[in-house]
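Structural overview
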Amino acid sequence: MNISSSNSRHAVPSDGKEQWESSGDVASSNDDASATTRPVREGPNGELTDEELLEAYRHGDRSGFNQLVERYQRELYHFLVRFLGDRAAAEDVFQETFLQVHQSADTFDLSRRFRPWLFTIAANKARDLMRSQARRPTNPLQASISSGDEDSGSFIDLMQAEVEMPGEQMEKEELQRVVHATVMSMPEHLREILLLSYFHQFPYKQISDILLIPLGTVKSRLHAAVAHFADRWRIIQENKARLQ
Amino acid sequence: MEMKLGDDDRRAIDLLLDHGPDHFEDGERGHVHQSGFAAVVDSDFDGRLVQVESILNLLSAMPEPEVPSHLVAKTLSYIDTASPRGTRLAPRDRIAVDDQPVA
């Protein structure tokens, strides 16, 4: 189904990819949204886009909201479980996130993209929960590794870091356990940005918007996250080899 | 002691992870796509890129948690209870929503 309408200002490509983020001359107010020209974003299979579903919901179509929850249940739940390290907490935050979407649906600027907004809400609520419950796992190495927001520190060369890759002898379950433990040992802000970038493939610019941090901080924080992960992996492998 | 990466490592990470404005962003991934940067790297840089990619791809071993079968129904029910229809913020009552990103 081609959703492109006569007032659309960009052609919807056959692969369904977005052609532009937003337009400065699109009215930011939603009060007169029907009178403005706004992007039409078609999903990869011709289904309604997130923004169209939200708009339908604003006009009373409950199924639009239900579809959004269904569409994002897997991706958002995965993000929250990996970020929080707790399935029950992830479920709670998932619900709170969509409650916020429901409550703020009429305030959402439909010229923007829904997905980064959803992750902004979810990340904020997850962080709030971690802080309120002091869930952040303790990490004895945490203090020794750059947060990524400073401009100091000693260098690590990933080529020379002797980061040993898992051999065939490492069982899949063991590998999963070690990688999970390594990621969960990371400071919250490094884990968060690594998840958003690696698993959810947000561009740096969108991560900057989601986390409300400058683009330069996105880069330095992500670099620190990879350095941290590589260093932790190396230490775990060294300890394992010592025990064998 | 704090750690920082050298320029080449940073560049490799950015090439692998900054997907740019037109990348495909729907859904998750289990490994780094290679097609986007293959044409822009030189041979000297190749080894480092492969090494950084290998490190990043360790992440794909992170377990995928199974989504609870009741998650959608429970969420919709929760919203109905906590904030029944008709209690959404109306446009005229709009307040600043700090959570909305600018892009």
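Please refer to the structure placed before this passage.
Presented here is a report on the structure given in the accompanying data block. What you are looking at is a predicted structure, and each value in this text was computed from that prediction instead of being measured.

The next point concerns the packing of aromatic side chains. Residues and elements named next belong to chain A. A complete count under the given rule lists twelve aromatic pairs over all chains for this structure. Arranged with centres 5.0 Å apart and planes meeting at 70°, the rings of Phe-119 and Phe-202 form a pair that is edge-to-face. Separated by 83 residues along the polypeptide, Phe-119 in helix α4 (residues 114-133) and Phe-202 in the loop between α6 (188-199) and α7 (204-211) bring together distant segments of the chain. This pair shows no difference in class: Phe-119 is buried, exactly as Phe-202 is. Aromatic side chains Phe-229 and Trp-233 sit 6.5 Å apart centroid to centroid with 25° between the ring planes, which places their arrangement in the stacked category. Here Phe-229 and its partner Trp-233 are both found in helix α8 (residues 215-243), four residues apart, which amounts to about one turn of the helix. Residue Phe-229 shares its accessibility class with Trp-233, and that shared class is buried.

Now for unusual backbone geometry. All names here are of chain A. Notably, Gln-201 is not glycine yet its phi reads approximately 55°, a positive angle. Not every positive phi belongs to a glycine, and Leu-212 is a case in point at roughly 55°. Here Leu-212 falls in the exposed class, since its relative accessible area comes to 60%.

Taken as a whole and assessed by the stated rule, the structure comprises 14 salt bridges over all chains. A salt bridge links Glu91(A) to Lys74(B), with the nearest nitrogen and oxygen atoms 2.9 Å apart. Taken as a pair, Glu91(A) in helix α3 (residues 87-104) and Lys74(B) in helix α3 (residues 71-82) lie in two separate chains rather than in one. Taking the relative accessible area as the measure of exposure, Lys74(B) reaches 40% and is therefore partly exposed. Among the ionic pairs, Glu238(A) bridges to Arg234(A), the shortest N-O distance being 3.0 Å. Taken as a pair, Glu238(A) and Arg234(A) lie in helix α8 at a separation of four residues, close to a single helical turn. Glu238(A) gets classed as partly exposed once you look at its relative accessible area, which sits at 33%. Look at the salt bridges and you will find they share partners, linking Asp231(A), Arg234(A) and Glu238(A) into a network.

Conventions adopted
Residues numbered from 1 in each chain as written. Chains lettered and ligands numbered in written order. Predicted model: local features only at pLDDT ≥ 70, side-chain atom pairs only at ≥ 80, totals over all residues. Heavy atoms only, no water. Phe/Tyr/Trp six-rings, centres within 6.5 Å; stacked < 30°, edge-to-face > 60°. Helix = DSSP H or I, 4+ residues; strand = E, 2+ residues; numbered from the N terminus. Buried < 20%, exposed > 50% of the residue type's maximum accessible area, 1.4 Å probe, protein only. Salt bridge = Lys/Arg side-chain N within 4 Å of Asp/Glu carboxyl O.

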